[in-house]
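# Fold and contact review
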Amino acid sequence: MISIIKDINMEIRDYKVKDCDTVSKLFFETVHSINAKDYTDEQLFAWASSAEDFKSRRCRDLLEQRTVVAVIGEKIVGFASIDKSGELDLLFVDKDHQRQGIATALCDEVEKGFSVLTTYASITAKQFFEKRDYIVIKEQEVERFGVKLKNFKMKKNVEFCI
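Below, the structure is looked at part by part. Note that this is a predicted model, so its numbers are computed, not measured.

What counts and what doesn't
- The residue count restarts for each chain, going from 1 along the sequence in the order it is written.
- Totals for whole chains, interfaces and linings use all residues, but because this is a predicted model, local features are given only for residues with pLDDT of at least 70 and pairs of side-chain atoms are given and counted only at 80 or more.
- To get the side-chain values, all heavy atoms of the structure are used, and hydrogens and water are removed first.
- Throughout, disulfides are identified as pairs of cysteine sulfur atoms within 2.5 Å of each other.
- Starting at the N terminus, helices and strands are each numbered in turn, a helix being any DSSP run of H or I of at least four residues and a strand any DSSP run of E of at least two.
- For salt bridges, the criterion is a side-chain nitrogen of Lys or Arg within 4 Å of an Asp or Glu carboxyl oxygen.
- Relative accessibility decides the category of a residue: with a 1.4 Å probe and only protein chains considered, values under 20% of the type maximum give buried, values over 50% give exposed, and everything between is partly exposed.
- For this analysis, residues touch if any pair of their heavy atoms sits within 4.5 Å.
- Buried residues of nine kinds, namely Ala, Val, Leu, Ile, Met, Phe, Trp, Tyr and Cys, make up a nonpolar core once their side-chain atoms join them within 4.5 Å.

Bringing the state of the cysteines into the picture now. This structure, assessed with the given rule, holds one disulfide. Disulfide pairing places Cys20 opposite Cys59 at an S-S distance of 1.8 Å. Taking the sign of the torsion about the S-S bond as the criterion, the disulfide between Cys20 and Cys59, at about 90°, is right-handed. Highlighted residues: Cys20 in helix α1 (residues 20-34) and Cys59 in helix α3 (residues 51-64), separated in sequence by 39 residues.

The structure is reproduced here in structure tokens:
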């Protein structure tokens, strides 16, 4: 699927095994740059200790879920994944491509076919999801490697959205 947003010719395509290294690096860099305003260094490291950690833990999940990547030219600039139940698992956009409509295009693609969607949004992503008609079900703290991180369980009922 080709999308044109803000004069950017972007392709959204299915994730492939060969994308794992790039997606892992994108995840790590995005967490450590974009999310740094809302989380401490200790929290960022617990969340994304390394690109290799993500690669070893999550790349298999991405194949089992509906995962798409956004590509501009030859560069992957974002990715999103959703499981069969409608839980949006991952949504990350390259630190140099923020606020260009890429996250919106990725969500539009993976949300297709679901009437109820859930996600666990970071402090940083909460406002983005609220603009997409998700509502906070509960604020919570999750623990990773003994470090607590705040996030929000959010839900969207598509049939009620205008």
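Next, the rest of the story.
This part is about the pattern of salt bridges. Applying the stated criterion across every chain yields a total of 15 salt bridges. A salt bridge links Arg132 to Asp108; the nearest nitrogen and oxygen atoms lie 2.9 Å apart. Of this pair, Arg132 sits in the loop between α5 (123-131) and β7 (135-144) while Asp108 is found in helix α4 (residues 102-110), placing the two residues 24 residues apart along the sequence. What makes Arg132 buried here is its relative accessible area of 11%. Overall, the relative accessible area of 41% leaves Asp108 in the partly exposed class. The salt bridge involving Glu139 is made with Lys150; its shortest N-O contact spans 3.2 Å.

Relative to the helices and strands, Glu111 resides in the loop between α4 and β6 (116-122). The class for Glu111 is buried, based on a relative accessible area of 9%. Sequence-distant contacts of Glu111, that is, excluding residues within four places in its chain, are made with Leu88, Leu117, Arg132, Tyr134 and Lys156.

Among the nonpolar cores identified, the biggest contains 22 residues, and Leu88, Leu91, Ile102, Leu106 and Phe129 are the most heavily contacted of them. Listing elements by their share of this core, those giving two or more residues are β2 (8-14), β3 (66-72), β4 (75-82), β5 (87-93), α4, β6 and β8 (147-157). When residues of this core are assigned to their parent elements, the largest contribution, six residues, is made by α4. Membership of the second largest hydrophobic core comes to 20 residues, among which are Phe27, Trp47, Phe54 and Leu62.

It is worth spelling out the environment of Val31 at this point. Here Val31 lies in helix α1. Each C-alpha atom of the pair Val31 and Asn157 lies 28 Å from the other, and the pair is 126 residues apart in sequence. Those residues within four positions of Val31 in sequence are excluded, and the remaining contacts are Ala36, Leu44, Trp47, Ala48 and Phe92.

Before going further, it helps to spend a moment on the environment of Lys112. On the secondary structure map, Lys112 appears in the loop between α4 and β6. Lys112 gets classed as exposed once you look at its relative accessible area, which sits at 53%. Measuring from C-alpha to C-alpha, the distance between Lys112 and Val77 comes to 21 Å, with 35 residues separating the pair along the chain.

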